Amino acid sequence: SKDRKSCAACDFQYCGGGFGVVDVAYLLVSSVDISVLQDDETLLQHYHRTLCQLLPTEAGARYTLDVLKRHFGWALVDYVRFMAGWGMWGSSQWATAKAKMIVD
């Protein structure tokens, strides 16, 4: 902004509307060791708790952990779909197994 008190981020690899947790899914699958991902529930709880502390109270109350988990599941399935065409890397075995559980 002109007053330099606010800013925005833009991911030039992909631009478009969507859930913020998509970036969390991409980060976890591409950068986190599979041994850490076995406790993905704790990672998502931590992310949700930290996010809600930073959001306005009303917004944090509406964005429940269940909503975040549902969005994360959709993001993970979409990530696996996308990477299937490019070639998998990172913790792709974990991501593929988790996506299959979500779809089934």
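Before reading on, note that the structure itself is shown above.
Residues numbered from 1 in each chain as written. Predicted model: local features only at pLDDT ≥ 70, side-chain atom pairs only at ≥ 80, totals over all residues. Heavy atoms only, no water.

### Regarding helix α1 (residues 21–31)
Link 1 in the chain: Of all the positions in α1, only Val21, Val24, Ala25, Leu28 and Val29 are classed as buried. The arc that holds every buried residue of α1, seen down its axis, measures 120°, which confines them to one face.
Link 2 in the chain: Contacts made by the buried residues of α1 are with α2 (34–37), α3 (40–54), α5 (65–86) and α6 (92–103). (Buried < 20%, exposed > 50% of the residue type's maximum accessible area, 1.4 Å probe, protein only. Helix = DSSP H or I, 4+ residues; strand = E, 2+ residues; numbered from the N terminus. Arc of directions from axis to C-beta. Contact = heavy atoms within 4.5 Å.)

### Quick word on α5
Link 1 in the chain: Compared with the 32 Å implied by 1.5 Å per residue over 22 residues, the 31 Å span of α5 between its first and last C-alpha is a close match.
Link 2 in the chain: All of the buried residues along α5 are Val67, Leu68, His71, Phe72, Gly73, Ala75, Leu76, Tyr79, Val80 and Met83.
Link 3 in the chain: Summarising the contacts, the buried residues of α5 are in contact with α1, α3, α4 (57–62) and α6.
Link 4 in the chain: Just past α5, the residue glycine 87 takes up positive phi, approximately 110°. (Expected span 1.5 Å × (residues − 1).)

### A few points about the packing of α1 against α5
Link 1 in the chain: Viewed as axis vectors pointing N to C, α1 and α5 meet at an angle of 55°, and their least axial separation amounts to 8 Å. Here α5 runs oblique to α1, going by the angle between their axes. Pair α1 / α5 crosses with right-handed handedness. In this structure, α1 uses Val21, Val22, Val24, Ala25, Tyr26, Leu28, Val29 and Ser30 to contact α5, whose residues at the interface are Leu68, His71, Phe72, Ala75, Leu76 and Tyr79.
Link 2 in the chain: Class assignment for the residues of the contact of α1 with α5 results in twelve nonpolar, two polar and no charged. (Axes fitted to C-alpha atoms, helices over the stretch in contact; angles between N-to-C directions. Parallel < 35°, antiparallel > 145°, perpendicular 65-115°, else oblique. Left-handed = near helix turned anticlockwise from the far one by under 90°. Nonpolar A, V, L, I, M, F, W, Y, C, P; charged D, E, K, R; others polar.)

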